[in-house]
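Okay, here's what each chain looks like letter by letter:
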Amino acid sequence: MATAELASERESDYLSQLTMAAARFGNRTEQRERNRSVLETRGVLYADTPERVEKRLARLGADWAMARAIERTPTEPASSAGSTLGLPPEGFTSEALGLERLIGRNNLTPVAFLEEGVQVSRSVGRITITGPGGGHGTGFMVSPSLLLTNNHVLGDAQEAGRSKVAFAFQDGADGNPLVPAVFQLEPLRCFVTDRALDYTLVAVAPRGAQGEALSSFGRLILSEAQGKAVIGEFVNIIQHPRGEPKQIALRENQIVDVLERFLHYESDTREGSSGSPVFNDQWEVVALHHSAVPKTDAEGRPLSVDGTVWRPETGEQQLAWRANEGVRISRVLRSLHEAPLTGEAARLRDEVFTTELDPSPERSTPPMPSFNGGPTLAGADGSRAEARSSATDGSAQVVLPLRITLDFGTSSPPSATLSAPLPALAPTPQPPPTERPDVVSAVGKDVDAALTNHRLARERAYYDRSADAAARTAYYANVRTDDGDALRRALTTLLTETHTPRPRYKPMRLVYPWVDLHKDGRLRSIYSGQPFSAEELIRADAAVEEARLAREQELLLRERTAGPAEFEAEFRALEASLPFNCEHVVPQSWFHEKEPMRGDLHHLFACEPGCNSYRSNFPYFDFPDYEETVRDACGKRESVGFEPEKCRGVVARATLYFLLRYPGQIGDVAQEFPEDRLPVLLRWHEGEAVTEYELHRNAAIAEIQGNRNPLIDHPEWAREIDFSGVWP
């Protein structure tokens, strides 16, 4: 099937799924309002059916007597609860805490709640579908060999065969990303899918790309038992929204309705969260997240955030959401029981229903992947600690890094990172065990050259103002400014013709040693302002480059069994999985990672991987309430865009340069920088004056690649240039 046909089919399936979810949600409006009314007036014990509530209480080790006694308000006399209600609240021990949380009488929870959440999160991974119609989703291990996700993420065995799952794709406690462990999916061993229930079960290779053991990431035990959640209860969702590093929507997600096959709940999930596990407060899986419920018009058509009818080509980020829908896990398990499987597929399927943990030595102390794939974690003091997942006997525990997202409203939530003492991991990957001498040698030469360049650069004057003024005058000698469109055309021609040579992307050689230095000789993250030494980032990039080259050599060994399209997809997936310390202010995906755009120094800046990942490929946006809101150290990000904490004027001028140098290259799809965002760049440009740091960069880049940034040399031209011709 052609790529366009696959994309069209995916869009049709997605739209159909949204429409059905919205219809189910709409048909239950009256019942849902009754549920909410009962929750507000009587509480969680009365919103669901008595049978379901009794099963939930039994699962918590309680009964109606205990629940009713805890539910009683402090001012209500004990006798009013009846003589058969058992012990009064003050007589309960800490074992009743789960029940108190369910009823809403106590929001306290043991710290172990977060520790266990980190442990179960290890079994959740990001799915990447390569090739035609590719994208991202979320999935989680439900047996030693099988991964559960949505049918609309992996629709058939062929699609699953060109897909991978990455575990530990998340930030560490120090804000730097871990190196994920990537595993190939193996649908020929086992593949079960159900379009109506929107689930897919697929086998995963036992070993990762760097030899990691799949068993080290454990599994989530699924239960067919009733009583895992009731209406009014809060759930937790571990997810990879939009294919981003692992995040969690914690507790502020209330179940508002229970259908025969689905749950409706209010939470913060986004595209890419499809296939995520939905947990109760005891970290039992209660549902498979599969769809958001969109706002619709009178005809049932999904609406965009601006109130117009949504269309797939406008992008999922433009959808207006009402709630979320998950498939009840008991219904998924019921369907799996009935699946007509034989041979190895049947045996693997049966392991989903086995609650006993594999006692094999490899499973006894499963490792948290370190940057070199080793089996231990390095503590902040240099000590080592073993990691535990749900696949162990419970004899040892360790707190692992996890990013927590809290949702307090309908807009995108602020992001916070757990600040409890966590084992620190090395900030950059070490060479993989399968490293080859030629790889190490090639990268070593780059490192030596970069460090030599840095040493020589430090001996130079940081910025020669008079020499640069003369160079600037000569550069623009033939440019006239009497007409905005003519000025734009003249600058585009000048920037293109003088862009020689055109260096390829190599930040360790070209960006860190000299171009991006500040006057104190250090580098600073473009978004957070965090300082680094040039040597620090040079060696960090070298480690990443070694890992990348080694992996590429492994891929090339399969040259005869795969075509060019597969290799391109493999390499793109590899690039996306690595932590980078260099930011393209115009995201590479917007220009398909092509040169000379990719290596153009005018829009390359030092940036730690955490901020690089946080910004992702969101266009810049000016939030009116930026100063009043809680935000990440890198800035603020919502579905409409990203606003950096630092250097707004710097990134604005770099982006304006790109628009002039490469007219027509970006802005042709909704996810890229559209023309109506131009005022954002102009405001930031005018709001922050050109700094000596930018003047130094501009002069240094001109020495290397020949052209200059007109917005740095002549800030006043920003309002004279007619930028309308730079968009497709």
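What comes next is a walk through the structure. (Residues numbered from 1 in each chain as written. Predicted model: local features only at pLDDT ≥ 70, side-chain atom pairs only at ≥ 80, totals over all residues. Heavy atoms only, no water.)

### A closer look at the pattern of salt bridges
Summed over all chains, the structure comprises 37 salt bridges. With its nearest N and O atoms 2.9 Å apart, the salt bridge here joins Arg637 to Glu244. Taken together, the residues span a long stretch of sequence, with Arg637 in strand β23 (residues 635-638) and Glu244 in the loop between β8 (236-239) and β9 (247-249) at a distance of 393 residues. Residue Arg637 is classed as buried on the basis of its relative accessible area of 14%. Between Glu692 and Lys519 there is a salt bridge, with the nearest N and O atoms lying 3.5 Å from each other. Of this pair, Glu692 sits in helix α21 (residues 692-705) while Lys519 is found in the loop between α15 (507-515) and β19 (523-524), placing the two residues 173 residues apart along the sequence. In this structure Lys519 comes out as exposed when scored by relative accessible area, which is 60%. When salt bridges that share partners are traced, they join Glu186, Arg189, Glu344, Arg347 and Glu351 into one network. (Salt bridge = Lys/Arg side-chain N within 4 Å of Asp/Glu carboxyl O. Helix = DSSP H or I, 4+ residues; strand = E, 2+ residues; numbered from the N terminus. Buried < 20%, exposed > 50% of the residue type's maximum accessible area, 1.4 Å probe, protein only.)

### Thoughts on α15
The element α15 is largely enclosed, with a buried count of 8 among its 9 residues. Within α15, burial applies to Pro507, Met508, Leu510, Val511, Tyr512, Pro513, Trp514 and Val515.

### Comments concerning the pairing of strand β3 (residues 146-149)
Of the two faces of β3, the one carrying Leu146 and Leu148 and the one carrying Leu147 and Thr149 are both buried. Where strand β2 (residues 135-141) lies against β3, 2 bridges are found, and the strand directions are antiparallel. Considered in β3, the bridge of Phe140 is made with Leu148. Where β2 folds back onto β3 in an antiparallel hairpin, the turn is made up of 4 residues. Where β3 lies against strand β7 (residues 199-203), 4 bridges are found, and the strand directions are antiparallel. From the neighbouring strand, Leu146 faces β7, where its bridge partner is Ala203. (Pairing = 2+ DSSP bridges.)

### Things to note about the state of the cysteines
With the rule as written, the count across this model stands at 1 disulfide. Across the disulfide from Cys611 sits Cys634; the S-S distance is 2.0 Å. Looking along the S-S bond of the Cys611-Cys634 disulfide, the torsion reads about -90 degrees, which is the left-handed sense. Separated by 23 residues along the polypeptide, Cys611 in helix α18 (residues 609-615) and Cys634 in the loop between α18 and β23 bring together distant segments of the chain. No difference in accessibility class separates Cys611 from Cys634, as the two residues are buried. (Disulfide = S-S within 2.5 Å.)

### Notes on the nonpolar core
Among the nonpolar cores identified, the biggest contains 52 residues, and Leu491, Tyr527, Val585, Tyr620, Leu656 and Phe723 are the most heavily contacted of them. Ranked by the residues each element gives to this core, the list is headed by helix α19 (residues 648-661), at 9 residues. Other than its neighbours up to four places away in sequence, Leu491 contacts Tyr476, Val479, Leu660, Pro710, Trp717 and Ile721. In terms of nonpolar packing, the next biggest core, distinct from the first, is built from 33 residues, Leu201, Ile248, Leu336 and Val352 among them. (Core = buried A, V, L, I, M, F, W, Y, C linked by side-chain atoms within 4.5 Å. Contact = heavy atoms within 4.5 Å.)

### What about the environment of Thr138?
On the secondary structure map, Thr138 appears in strand β2. A C-alpha to C-alpha distance of 5.9 Å links Thr138 and Gly125, two positions 13 residues apart in sequence. A polar atom in the side chain of Thr138 sits 3.1 Å from the backbone nitrogen of His240. (Polar contact = N/O pair within 3.5 Å; in protein donor to acceptor, adjacent residues only side chain to side chain.)

### Focus: the pairing of strand β6 (residues 191-194)
Relative to β7, β6 runs antiparallel, the two sharing 4 bridges. Note on β7: the bridge partner recorded for Asp194 is Tyr199.

### Brief notes about the packing of aromatic side chains
By the definition in use, this model includes 16 aromatic pairs. Note on Tyr527 and Tyr620: the rings are 6.5 Å apart at their centroids and 70 degrees apart in plane angle, and the pair reads as edge-to-face. Placement of Tyr527 in the loop between β19 and β20 (531-532) and of Tyr620 in the loop between α18 and β23 is noted, with a sequence separation of 93 residues between them. For the pair Tyr527 and Tyr620, a shared accessibility class is recorded, and that class is buried. Between the aromatic rings of Tyr527 and Phe642, the centroid separation amounts to 5.0 Å while the plane-to-plane angle is 70 degrees, which identifies the pairing as edge-to-face. Separated by 115 residues along the polypeptide, Tyr527 in the loop between β19 and β20 and Phe642 in strand β24 (residues 641-644) bring together distant segments of the chain. For Phe642, a relative accessible area of 0% gives the class buried. A network of ring pairs unites the aromatic residues Tyr527, Tyr614, Tyr620, Phe642 and Trp684 as a single cluster. Its guanidinium or amino end placed over the ring of Phe262, Arg24 lies 3.9 Å from that ring's centre, counting from NZ or CZ. (Phe/Tyr/Trp six-rings, centres within 6.5 Å; stacked < 30°, edge-to-face > 60°. Lys NZ or Arg CZ within 6 Å of the ring centre and 35° of its normal.)

### Observations concerning unusual backbone geometry
Trans peptide bonds make up the majority, and among non-glycine residues the majority have a negative phi. Here the amide bond leading from Thr500 into Pro501 is cis, since omega sits at 0 degrees, within 30 degrees of zero. For Pro501, the position within the fold is in the loop between α14 (484-497) and α15. The residue after Glu595, namely Pro596, is reached through a cis peptide bond having omega 5 degrees. Backbone geometry at Ala168 places phi at a positive 65 degrees, although glycine is not the residue there. Among the secondary structure elements, Ala168 is positioned in the loop between β4 (163-167) and β5 (181-184). Its relative accessible area of 2% is what places Ala168 among the buried residues. Of note in the backbone geometry, Glu593 takes a positive phi value of approximately 60 degrees without being a glycine.

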